[in-house]
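# Structural description and commentary
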Amino acid sequence: MPDDVVVLEVADSIATVTLNRPDARNALSREVLRLLPKLVQECDGRDDVAVVIITGADPAFCAGIDLKELGREDRGGSMAEAPAAAPAERRGPLPRIGKPVIGAINGVAITGGFELALNCDFLVASERARFADTHTRVGIQPGWGLTVLLREAVGIRRAREMSTTGNFVDAQTALSWGLVNHVVAHDELLPFCHRLAGDIASNDPAGVGQILDTYLDGAMGTDEDAWSLEVRVSRDWMSGGHGSAAEVAARRDAVIARGRGQVS
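Residues numbered from 1 in each chain as written. Predicted model: local features only at pLDDT ≥ 70, side-chain atom pairs only at ≥ 80, totals over all residues. Heavy atoms only, no water.

## Regarding the sheet that holds strand β5 (residues 108-110)
Spelled out, the test is: One bridge is not enough; two strands pair if DSSP finds at least two bridges between them. Helix numbers and strand numbers start at the N terminus; a helix is a DSSP run of H or I with at least 4 residues, a strand a run of E with at least 2.
The strand order across the open sheet built from 3 strands is β5-β7-β8, with neighbouring strands paired in mixed fashion. Looking along the sheet, the strands with just one partner apiece sit at the ends: β5 and β8 (169-170). When strand β7 (residues 130-132) meets β8, the two strands line up antiparallel, connected through 2 bridges. Considered in β8, the bridge of Phe131 is made with Val169.

In structure tokens, the structure reads:
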């Protein structure tokens, strides 16, 4: 793998972004924090990318902020500061983009690395994956949405347990709790994620982007707000010329054939 601390590879409409500091368990150094959002944003603007996969170079997914680098800095340095209030399009470690982001969790995801995983649209875990929120063990507080996204994924009581104990959760427990969508053999992680990404890429890209936006925007209000948002988006989508009867009819046979193949 190249010497870059974050590596971007694109093939078959799928971008794979790999944290590439294996000796440091892919800890988030200044350079990683600079390159990662830049490359993800680049993927959003590329016509040859429909889906983004984020993973780590074995043996870890991400061990969080590089504490060695942080320890060499004055406590007033930018890595040590609490995150400033940010607009919705730049909350967390990743920019908000119009394409799905799959987290391929190949090993430990700890603290800031756990938050990075939670900021993906959904997660697939290797059997070797482990998750831990160790913010309170280190003596810092999360600022990339952990108290929102973890609660959303596993429920408030399990989220509180993870955050107050700092204990690790293994891949199978993460699956049973709803933190990850799938657990697969380690060597199958990226092939499995690429198959899911291929399924996504075969859909209408504008439709995929719009439904992801609707999920995200709906999560920022009450259930009543989310219902109203969906109705408004659906109405605007149809009136804007999307999803016409002719388009639906043209795609219907392919959808029916694919569905029969999946349930047979």
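## Some thoughts on the confidence of the model for the protein chain
Using the following cut-off: Each residue gets a pLDDT score, which is the predictor's confidence in that residue and runs from 0 to 100. Any pair of residues with heavy atoms lying within 4.5 Å of one another is described as a contacting pair.
Counting all residues, the mean pLDDT for the protein chain is 88, and 84% of those residues have values of 70 or more. Across residues 75-85, where pLDDT falls below 50, the model places 15 contacts with residues more than four positions away in sequence or in other chains.

## Some thoughts on the sheet that holds strand β2 (residues 14-19)
Selection rule: Think of each axis as a best-fit line through the C-alpha atoms, taken over the contacting stretch in the case of a helix, with angles from 0 to 180 degrees between the N-to-C directions.
In spatial order, the strands read β1-β2-β3-β4-β6-β9; together these 6 strands make up an open sheet with mixed pairing. Because the sheet does not close on itself, it has two edges, and the strands there are β1 (6-11) and β9 (182-184). The sheet shows a mean angle of 20 degrees between the axes of neighbouring strands, taken without regard to direction. In the sheet, β1 pairs with β2 via 6 bridges, with the strands oriented antiparallel. Across the sheet, the residue bridging to Ala11 is Ile14, located in β2. On top of the sheet, helix α1 (residues 30-45) reaches β1, β2 and β3 (51-56); it is set at about 15 degrees to β1, its chief contact.

## Brief notes about the pattern of salt bridges
Rules: Counted as salt bridges are all cases of a side-chain nitrogen of Lys or Arg within 4 Å of a carboxyl oxygen of Asp or Glu. Only protein chains enter the calculation, and the probe is 1.4 Å; a residue is then buried if its accessible area is under 20% of its type maximum, exposed if over 50%, and partly exposed in between.
Taken as a whole and assessed by the stated rule, the structure comprises 7 salt bridges. Residue Glu31 pairs with Arg34 through a salt bridge whose shortest N-O separation is 2.7 Å. Pair noted here: Glu31 and Arg34 are both in helix α1, with a separation of 3 residues, about one helical turn. The exposure class assigned to Glu31 is partly exposed, which follows from its relative accessible area of 34%. The class for Arg34 is partly exposed, based on a relative accessible area of 45%. Here Asp213 makes a salt bridge to Arg96, at a shortest N to O gap of 3.3 Å.

## Observations regarding the packing of aromatic side chains
Think of a pair of aromatic rings as described by two things: how far the centres are apart, and how the planes are tilted against each other in angle. Going by this rule: Only Phe, Tyr and Trp rings are paired, with Trp represented by its six-membered ring, and only when their centres lie within 6.5 Å; those with planes under 30 degrees apart are stacked, over 60 edge-to-face, the remainder tilted.
Under the counting rule described, the total for this entry stands at 1 aromatic pair. Geometrically, the ring pair formed by Phe114 and Phe131 is tilted, given 5.8 Å between the ring centres and 50 degrees between the ring planes. Of this pair, Phe114 sits in helix α3 (residues 112-118) while Phe131 sits in strand β7; the two residues are 17 residues apart in sequence, bridging distant segments of the chain. Residue classification places Phe131 among the buried positions, given a relative accessible area of 0%.

## Side note on helix α5 (residues 146-154)
This is how it is decided: In this context, the arc is that of the directions from the helix axis out to the C-beta atoms.
Along α5, the residues that are buried comprise Leu146, Leu150 and Val154. The buried residues of α5 occupy an angular sector of 25 degrees when the element is viewed end-on, so they sit on one face. In this structure, the buried residues of α5 make contact with α3, α4 (135-138), α6 (156-165) and α7 (171-177).

## A few points about the packing of α5 against α6
To keep it simple, the criterion reads: Angles below 35 degrees are treated as roughly parallel, those above 145 as roughly antiparallel, those between 65 and 115 as roughly perpendicular, and all remaining angles as oblique. It is the rotation of the near helix from the far one that decides the hand of a crossing: anticlockwise by less than a right angle makes it left-handed, clockwise makes it right-handed. Three classes are used, and their members are as follows: Ala, Val, Leu, Ile, Met, Phe, Trp, Tyr, Cys and Pro are nonpolar, Asp, Glu, Lys and Arg are charged, and the others, Gly among them, are polar.
Close contact between α5 and α6 brings their axes to 7 Å; oriented N to C, the two are set at 130 degrees. By the angle between their directions, the pair α5 and α6 is classed as oblique. The chirality of how α5 crosses α6 is right-handed. Residue-level contacts link Leu146, Leu150, Arg151 and Val154 of α5 to Ile156, Arg158, Ala159, Met162 and Ser163 of α6. Partitioned by chemical class, the residues of the contact of α5 with α6 number 6 nonpolar, 1 polar and 2 charged.

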